[in-house]
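Coordinate inspection notes
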Amino acid sequence: MPCVKELSVNTIRMLSAEGVQKANSGHPGLPMGSAPMAYALWAEQMKHNPKDPQWINRDRFVLSAGHGSMLLYSLLHLFGYGLTIEDLQQFRQWGSKTPGHPEYGHTVGVETTTGPLGMGVANAVGMAVAEAHLAAKFNREGYNVMDHYTYALVGDGCLMEGISSEASSLAGTWGLGKLIVLYDSNTISIEGNTNIAFREDVAKRYEAYGWQVIDVANGTDVDAISAAIAKAKQETGKPSLIVVHTEIGYGCPAKQGKSSAHGEPLGEENLEATRKNLGWNYPPFTVPEEVKAHMQQCIDAGAKAQDEWNALFENYKKAFPELAKEWDCWFSGKVDESIFADESYWDFPKADATRNSSGIALNRLAAKVPNLIGGSADLAPSTKTLMKDRGDFSAEDYSGSNMHFGVREFAMAAIGNGMVLHGGLRAYVSTFFVFSDYMKHAIRLSAIMQLPLTYVLTHDSIGVGEDGPTHEPIEQLAMLRSIPGMTVLRPADGKETAAAWQVAMTHQGPCALVLTRQNLPQYENTGCGVKKGAYILADSEKATPDVILMATGSEVELIMQAKDALKEKGVDARVVSMPSFELFDAQDEAYKESVLPKAVRARVAVEAASPFGWYKYVGLDGEVIALDHFGASAPASILFKEFGFTVDNVVEKALAVCK
């Protein structure tokens, strides 16, 4: 008779394999091979309470190898997170709680959306950063109210992806001792043995990053894995990588250790052979009574851990009432909007680049929002994202709020996602706009999860000038605007920039602030209309304008000048500043009609970027002055002139559409 540990491990294996088989789709290999480490972690080492999945001080678990999602769903079922056997039977089906890859906000107990390999481990780094920063802020002697670990389970594919290298290098630099990564080292990928493309010594690589590395030779030895996790916890100055040598598809005689176990069902014949091989004498989707009783003990232990923490926190509130109030504020996810009622927040007296205006607004926010944290990919002096008097986050001082990600844009964005997912922090990340391409998939996941992460993206057009086409973003605005759930704001002056920050700080979902390097004038009536995405900056004298000129960012100055030139020619123009397509599209029809009346078909849009997306606003009769080619290396003023961003060209196009 197998012991309850072995029986529990085999329950995880069989539920996972059976779920994949019933769906006739999925990845059984990883769950079957890594079931012992999953059990060791969840049952013996991880602090979590299924009765309160949102307990702030719980340990976090990230399945970076998200294709092995049936492993996580089996765990969530066994440990009482609310997933039923019926949910497991609906794996990968329409409307189920068990989609093909784990989805944050969709399935209780899933800490982050994973599947794109390597992304999860970077999210985990962000969660560990958040824990470290919050601990530095709130913990006091005898009151470690923020004190938990972040665990990630990764596979060979995760560690092949460059993002894992970027994130792991940072984790070592920051000395994140509460981060523990379990590496399911089964040497198999879709194409076969990893030897065909992945021969490096991963352990030595992680030692070079500054990690503790622990090796577990036998991936079926639950006690050895549990002991390794316990040892990892003793190292407080370094993150830990536990290399667990496993066999993919363990237990299936025909597929164990083979690439065919990776991404396809075992097949009924092989599933039956697996049952016999593991001594599994139960009907499909069965949890043995002994396992149920054992799991209940684990669940009760988790509830007890939270009860003890709750008692600690009650005493903390009495000993440190002001800190407890701050705790509640930080974890509310809200910002005190009275900040934006202060007139000084909106004061931008001189012509300036919107990146500079952003830096001013950011620091005004930093003075009032203590849980604001963020940084750049080695570009803070250029992106103006350094917060004054807030210190630097480092291995030596986790209380600092300015983060230095180095030249690691992709990991930066994914780490930002992890920080937000953890809770308690308002985060931003920054780089040059053209490098948003490096961050694309992390930005996409911000949108999928609707995380309020702010992207500060400067040097936004051919205004970059002499750096040339490699650094001049053309298609990136269209790219960001095409992402569902992403809010893109390209402000025209200081007040619009401050309003963009207001949107970012109060909006549910990610926002990108797209900002200039070159100076722009300040206008009287900007700012208040930004939250609606587009508004009338300068109206026509007639009730119905002859032509509507619309633009974003630096090109608003151009259409303001063109309005005056058109007036001299007897053409009455309305100027519409349109900092955000997404916010404008969300307005009701009456407002949209008030700004862009359907009766006015003469329209010209101007933006120093790809024209993609503008035609829905200008219509069949309108014109778009934009770029359908890359930039060049020359002073910005020359580029704008050579590429048609001149008052004369706007006027010419406006007159043409008025005919």
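So, here's what we can say about the structure.

Cut-offs used in this document
Residues numbered from 1 in each chain as written. Predicted model: local features only at pLDDT ≥ 70, side-chain atom pairs only at ≥ 80, totals over all residues. Heavy atoms only, no water. 1 Å grid on protein atoms, 1.4 Å probe; cavity = no way out; pocket = protein on both sides within 12 Å on 5 of 7 lines; lining within 4 Å. Points joined across faces, edges and corners; volume = space filled by probe spheres on them. Helix = DSSP H or I, 4+ residues; strand = E, 2+ residues; numbered from the N terminus. Nonpolar A, V, L, I, M, F, W, Y, C, P; charged D, E, K, R; others polar. Salt bridge = Lys/Arg side-chain N within 4 Å of Asp/Glu carboxyl O. Buried < 20%, exposed > 50% of the residue type's maximum accessible area, 1.4 Å probe, protein only. Axes fitted to C-alpha atoms, helices over the stretch in contact; angles between N-to-C directions. Parallel < 35°, antiparallel > 145°, perpendicular 65-115°, else oblique. Contact = heavy atoms within 4.5 Å.

With that settled, consider the layout of surface pockets. Estimated volume of the largest pocket: approximately 760 Å³. Taken together, the elements giving at least two residues each to the lining of the largest pocket come down to strand E1 (60-63), helix H12 (321-331), helix H15 (409-422) and helix H18 (494-506). Broken down by element, the lining of the largest pocket gets its largest block of residues, three residues, from H15. For the lining of the largest pocket, a count of residues per class yields 20 nonpolar, 16 polar and seven charged.

The tally for this structure, following the rule as stated, stands at 25 salt bridges. Measuring nitrogen to oxygen at the nearest pair gives 3.0 Å for the salt bridge that ties Glu 44 to Lys 5. Note that Glu 44 is positioned in helix H2 (residues 29-45) and Lys 5 in helix H1 (residues 4-23), a separation of 39 residues in sequence. Between Glu 131 and Lys 178 there is a salt bridge; the shortest N-O distance is 3.1 Å. With Glu 131 in helix H5 (residues 119-138) and Lys 178 in the loop between helix H7 (162-174) and strand E3 (179-185), this pair connects stretches of sequence that are 47 residues apart. In this structure Glu 131 comes out as buried when scored by relative accessible area, which is 3%.

Here we take up the packing of helix H11 (residues 289-319) against H12. Between H11 and H12, the shortest axis-to-axis distance is 5 Å and the interhelical angle comes to 120 degrees. In this view, H11 runs oblique relative to H12, as classed from their interaxial angle. Contact with H11, carried on its side by Trp 309, Phe 313, Tyr 316, Lys 317, Lys 318 and Ala 319, involves Pro 321, Leu 323, Ala 324 and Trp 327 of H12 and no other residues of that element. Taken together, the residues of the contact of H11 with H12 break down into eight nonpolar, no polar and two charged.

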